[in-house]
Amino acid sequence: MNIVVSGTARGIGRAIAQRYLAAGDRVYGLDVAPGTIEHTNYVHFLCDVRSDAFPAVPEAAVVVSNAGTLEEADAIEVNLLGAMRFAEHYMESPVLRSVLFIASASARNGAEFPRYVASKAGLVGYMKNAALALAKRGVTCNSISPGGVITESNRHILESEALYDAVRAETLLGKWAQPEEIAELAWFLTHVNRSVTGEDILIDNGEMLKSNFIW
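Values in this document were obtained by computation on a predicted structure and should not be read as measured data.

Reading guide: rules and limits
Residues numbered from 1 in each chain as written. Predicted model: local features only at pLDDT ≥ 70, side-chain atom pairs only at ≥ 80, totals over all residues. Heavy atoms only, no water. Salt bridge = Lys/Arg side-chain N within 4 Å of Asp/Glu carboxyl O. Helix = DSSP H or I, 4+ residues; strand = E, 2+ residues; numbered from the N terminus. Buried < 20%, exposed > 50% of the residue type's maximum accessible area, 1.4 Å probe, protein only.

Peer 1: Which residues make up the pattern of salt bridges, and what values go with them?
Peer 2: Tallied over the entire structure, the rule returns 9 salt bridges. A salt bridge links aspartate 74 to arginine 50, with the nearest nitrogen and oxygen atoms 3.7 Å apart. Of this pair, aspartate 74 sits in the loop between strand 4 (60–65) and helix 2 (75–90) while arginine 50 sits in the loop between strand 3 (42–46) and strand 4, and the two are 24 residues apart along the sequence. A residue is classified by how much of its surface remains accessible, and aspartate 74, at 28% relative accessible area, is partly exposed. For arginine 50, a relative accessible area of 39% puts it in the partly exposed group. The salt bridge involving aspartate 200 is made with arginine 108; its shortest N-O contact spans 3.1 Å. Linking aspartate 200 in strand 7 (residues 200–203) with arginine 108 in helix 3 (residues 106–109), this pair joins segments that are 92 residues apart in sequence. Residue classification places aspartate 200 among the buried positions, given a relative accessible area of 11%. Connected via shared salt-bridge partners are Asp48, Arg50 and Asp74.

Below is the structure:
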């Protein structure tokens, strides 16, 4: 199948692209940064989701909107409006079977920067709206909301023993996720799943559930 993924130069997007490649799919990756994947079935495009200049992808079967930013000034434009523009550009594919958005656990608990939280919460809402529309064609549409993930964008935490100990203590399992774990769930939801749609799947090592019961 032909897969189109945004934000594939590093982190979660790169891991997702590699998971599809391992399955034998052809992946078309988009990013504002140069490509970092060398594979005969991978095509990389320099592209900003803030524009409408998206490349043509023949018979896109799966669309994964992953590109995002932590920068408050750009959060709404990139994380929400950019994701909408990107997904809608490929949704008319006649062979489309699944659309997936990478949101954030922050969309549920509000725990990050205001515009970032708003952009990801809006993305989950948009996903549900898209799921309603795409269901008529038998297309699934879901989102994944990761908690802490071991990626380059979190380097300042990962390189500080005190900070990393503090964030790990906020989870039930005492750890953060690897990008490959997000990628595996993304692959299942779009490649195997035919019945789950309109759902936001949390993968946060139990951070949302963690609480101190006092009696």
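What follows continues from the structure just given.
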